[in-house]
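Architecture at a glance
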Amino acid sequence: MSELVIKGLKVSVESEDTQKEILRGVDLTIRSGEVHAIMGPNGSGKSTLAYAVAGHPKYTIDSGEITLDGEDVLEMTVDERARAGLFLAMQYPVEIPGVSVSNFLRTSITAIRGEAPKLRDWLKEMKSAMSEIGMDPQFSERNVNEGFSGGEKKRHEILQLELLKPKIAVLDETDSGLDVDALRIVSEGINRTVERNNTGVLLITHYTRILRYVKPDKVSVFVDGKVIETGGQELAEELETNGYVKFTKAAASV
Amino acid sequence: MSAGLVEREILVKNLDARPDRILSRKASDFAIPTGREEEWRFAPLARFGELHTDAPADSKVLFSARHSNEVNSRALSREDQTSFMSLDRIGARAIESWDSGIILEIPQSSEIAAPIYLDVLTTKGISFGHIVIRVGANSKSTVVIGHQGTGNAAVTVEVHAENAAQLDLVTLFDSERDAVLVSEHELNIGKDAKVRTLAVQLGADVLRFTPRAKFTQDHGSVEIFGGFLASGGQYIENRVLVDHNQPNCVSNVLFRGGGHGENSHTVWVGDVLIRENASGTDTYEMNRNLLLDAGARADSVPNLEIETGDILRAGHASVTGRLDDDQLFYIQSRGIDAATAKRLVIEGFFADMFGEFKNPEVAELLAKRLEETISLALVAQL
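This write-up is about the structure you can find in this document. All values derive from a computational prediction rather than experimental measurement.

It is worth spelling out the overall build of chain B at this point. Within chain B one finds 4 helices and 19 strands. Its C-alpha atoms give chain B principal-axis dimensions of roughly 65 × 50 × 45 Å. For chain B, with 382 residues in total, the buried portion stands at 62%. Carbon and sulfur atoms form 50% of the exposed surface of chain B, whose accessible area is close to 14,500 Å². Averaging the coordinates of the 38 positive side-chain charges in chain B and doing the same for the 55 negative ones gives two points 1 Å apart.

Per the secondary structure count, chain A includes 8 helices and 12 strands. A compact globule built from 254 residues would reach a C-alpha radius of gyration of about 18 Å, and chain A, at 18 Å, matches this within 12%. Summarising its shape, the C-alpha atoms of chain A cover approximately 60 × 40 × 40 Å along the three principal directions. When each of the 254 residues of chain A is scored for burial, the buried share is 54%. At a minimum sequence separation of 6, the contacts of chain A that also span at least 24 residues come to 70%. Accessible area of chain A: about 11,200 Å², with a carbon and sulfur share of 47%. One way to put it: in chain A the 31 positive side-chain charges average out to a point 4 Å from where the 40 negative ones average out.

The next thing to look at is the sheet that holds strand β12 (residues 226–231) of chain A. Within a sheet, neighbouring strands are paired by backbone hydrogen bonds and run either parallel or antiparallel to one another. Residue and element names in this part refer to chain A. What the 6 strands build is an open sheet, ordered β6-β9-β10-β3-β11-β12; its pairing is mixed. Edge strands, defined here as strands with exactly one partner in the open sheet, are β6 (86–89) and β12. Neighbour-to-neighbour, the strand axes of the sheet open up by a mean angle of 20 degrees, direction not taken into account. Of the strands in this sheet, β3 (35–39), β11 (218–223) and β12 are in contact with helix α7 (residues 233–242), which crosses β11 at around 45 degrees.

Moving on to unusual backbone geometry. Residue and element names in this part refer to chain B. For Ala-204, which is not glycine, the phi dihedral falls at a positive 80 degrees. Relative accessible area serves as the criterion here: at 1%, Ala-204 is assigned to the buried category. Phi angles above zero are rare outside glycine, and His-219 is one such case at about 60 degrees. Looking at where His-219 falls in the secondary structure, it is placed in the loop between β12 (206–215) and β13 (221–230).

Glancing now at helix α4 (residues 119–132) of chain A. Residue pairs three or four apart in sequence face the same way in an α-helix, which turns once every 3.6 residues. Residue and element names in this part refer to chain A. Taking 1.5 Å of rise per residue, 14 residues should cover 20 Å, and α4 covers 20 Å from first to last C-alpha, within 8% of that figure. When α4 is considered as a whole, its buried residues turn out to be Trp-122, Met-126, Ala-129 and Met-130. In an axial view of α4, the angular spread of the buried residues amounts to 100 degrees, which keeps them on one side of the axis. The outward face of α4, more than 90 degrees from its buried face, is lined by the exposed residues Arg-120, Lys-124, Lys-127 and Ser-131. Looking at the buried positions of α4, the neighbouring elements they touch are α3 (101–113) and α5 (150–164). Positive backbone phi, approximately 75 degrees, marks Gly-134, located one or two places after α4.

Below, the discussion takes up the interface of chain B and chain A. Many structure descriptions define interface size as the accessible area lost when the parts assemble. Every contact between the two is made by 20 residues of chain B and, on the other side, 32 residues of chain A. Surface buried jointly by chain B and chain A totals about 2,000 Å² across both partners, of which 69% is contributed by carbon and sulfur atoms. Summed over the three residues of chain B that lose the most area to chain A, namely Phe-329, Tyr-330 and Arg-334 of chain B, the buried surface amounts to 41% of that side. Across the chain B-chain A interface, the total number found is 1 salt bridge.

Another aspect to go through is the sheet that holds strand β4 (residues 59–68) of chain A. Residues and elements named next belong to chain A. In spatial order, the strands read β2-β1-β4-β5; together these 4 strands make up an open sheet with antiparallel pairing. Bordering the open sheet on either side are β2 (18–31) and β5 (71–72), each of which pairs with just one other strand. For strand β1 (residues 3–15) and β4, the ladder comprises 8 bridges, and the chain directions are antiparallel. Each residue of the ladder has a partner; that of Val-5, found in β4, is Thr-67. In this fold helix α1 (residues 46–54) packs onto β1, β2 and β4, with an angle of close to 110 degrees to the strand it touches most, β1.

Right, let's get into the packing of helix α2 (residues 325–332) of chain B against helix α3 (residues 338–350) of chain B. Residues and elements named next belong to chain B. Close contact between α2 and α3 brings their axes to 9 Å; oriented N to C, the two are set at 125 degrees. As judged from the angle between their axes, α2 and α3 are oblique. For the element pair α2 and α3, the recorded crossing hand is right-handed. Where α2 abuts α3, its residues Gln-327, Leu-328, Ile-331 and Gln-332 lie against Ala-338, Ala-341, Lys-342, Leu-344 and Val-345. Residues that form the contact of α2 with α3 fall into these classes: 6 nonpolar, 2 polar and 1 charged.

Looking now at the pairing of strand β10 (residues 180–189) of chain B. Residues and elements named next belong to chain B. Buried residues dominate β10, accounting for 10 of its 10 residues. Judged by which residues are buried, β10 turns out to be covered on both faces: Val-180, Val-182, Glu-184, Glu-186 and Asn-188 on one side and Leu-181, Ser-183, His-185, Leu-187 and Ile-189 on the other are all buried. Of the strand pairs in this sheet, strand β8 (residues 152–161) and β10 are connected by 10 bridges, and their pairing is parallel. In the strand pairing of β10, Ala-153 is matched with Leu-181. As paired elements, β10 and β12 share 10 bridges and run parallel to each other. Bridging from a neighbouring strand, Ser-183 pairs with Phe-209 of β12.

Turning our attention to the packing of α4 of chain A against α5 of chain A. Residue and element names in this part refer to chain A. The contact between α4 and α5 brings their axes to 10 Å, and the two run at 135 degrees. Classified by the angle their axes make, α4 and α5 are oblique. Once α4 is placed against α5, the crossing between them reads as right-handed. Facing Trp-122, Glu-125, Ala-129, Met-130 and Glu-132 of α4, the residues of α5 in contact are Leu-159, Glu-162 and Leu-163. For the contact of α4 with α5, the per-class residue count stands at 5 nonpolar, no polar and 3 charged.

The rules behind each value
Residues numbered from 1 in each chain as written. Chains lettered and ligands numbered in written order. Predicted model: local features only at pLDDT ≥ 70, side-chain atom pairs only at ≥ 80, totals over all residues. Heavy atoms only, no water. Helix = DSSP H or I, 4+ residues; strand = E, 2+ residues; numbered from the N terminus. Buried < 20%, exposed > 50% of the residue type's maximum accessible area, 1.4 Å probe, protein only. Areas by Shrake-Rupley, 256 points an atom, 1.4 Å probe, with all protein chains shown as cover. Lys, Arg positive; Asp, Glu negative; His and termini not counted. Charge placed at Lys NZ, Arg CZ, Asp CG, Glu CD. Rg over C-alpha atoms; globule rule 2.2 N^0.38 Å. Contact = heavy atoms within 4.5 Å. Pairing = 2+ DSSP bridges. Axes fitted to C-alpha atoms, helices over the stretch in contact; angles between N-to-C directions. Expected span 1.5 Å × (residues − 1). Arc of directions from axis to C-beta. Buried area = accessible area lost by both parts, 1.4 Å probe. Salt bridge = Lys/Arg side-chain N within 4 Å of Asp/Glu carboxyl O. Parallel < 35°, antiparallel > 145°, perpendicular 65-115°, else oblique. Left-handed = near helix turned anticlockwise from the far one by under 90°. Nonpolar A, V, L, I, M, F, W, Y, C, P; charged D, E, K, R; others polar.

Laid out in structure tokens, this is it:
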């Protein structure tokens, strides 16, 4: 049983000469096997939360804490966080020219597991994971994310999620830019990860669409750099009907 | 295109027609450079070890060849015909005053599977050498010139690719870290001949490489690829000239370079000249540089001189960038440590430099030396 605990997290980003505060005190707990959806309008700071957990150097932690099973995540480098069991599926996965998917995945798996998998076992494992997420095996010889469509990039993120088997995964708008079929396939991948690996998922989205396929245990509304309200699936349904207006107003009046 | 690099792609017509540019075999046709000339404006002449002045040779370039007996090689003599013309004083000094050289003859219609190695060793002092490679019609071969040693040397190379010959010419510049090496290549490309060259530049203190291609007839094709990685204090200069002097020829130039450390300086100048008679020309040149830290400097100057509009394509691009934080973050977020992440990005950057070049023995040799040099670059960064 793992637990990612975020307490009073304040994060800013440097823009021109000033530090701009984006997260204004976030409290969240994500546990193994649990899907926790974070929903909020554009610009509410959802992606900043994802990057702060993963340790992107662009973001400055002003105060607060993040712990994984009691260990101080903020003290860890980006790669140490991943090896500790954190995973970030990015909204805009980065292209790495000249580095093949298979080389990238094998290097990553070796780092996460602490030893290189046997080549034959590894090829089998990668092939079967690729087939489950509907990726042509030829993708393993292509350069990471280079020339991938939006949907292919997202499948590739979920492929990594399934192979790396993290304790806690932050999925940053994995549903954006997907057509209905791709959304279903990607959602199935997320569900498999929760079932098979007991991964805890922080599912960041601004649409309720993906929640038809990935059933959240908790839904939090995220506005203006904080969690405004937390509830169950019914909260998502309310957002579907009424939008964020009620919450953005509430945030403005605080 | 990779994120984080500033892309600049331009098509220029009639840029910089150079009436001052001459070709000669006589050093006296060129004044001793001062550093103000276009050819020498980047070069740290004080470090050129008198190669560019009047100082006579006091050392010798040593040549040896390793190949199967289908191929002939022997010491070059002054009786042998050479056609080489230089664009500058150092190359002219070499062709005028070389006292050792080698000639390699690949028979026509032969298909030489194993790579042909020409080892070039320079020693302390000033020396000049010359290489002649005659590639028979309809032959197919791979030649690897390996530069090693120290001292101050200029070694010139002339290649004659007869009709429909196919030649892969690899040059590995791997001299000692205190060496000064100037290398000028003249590629003469016959009808339907296909010459692919790849220069991998890792060694020397000062390295200047000036490949020049021209066509003896129509429908020739040349690829001039290069990769270089300069460390602190090292100067690596590449000046490419493709002279489209015949119709319907193809040229493709790609140089990928990196630099790291205080005062590492790389220069790439790519000139393509499309003459009035060169209708149907298809040419593209590209230089990409990756600066690994703030100490590294890269200059990149693509030039295109077009005297006819009746061509298929003429393009060039130059991109210089730094290691991309988002790429490194993405890789590290998959559990891979910072040094390995950098290594992946740098190796990836150089990956397509090998182009279609697939000879396994030579590719492995080059990849290994490149990896070693990247490892040293990473150690220097820690």
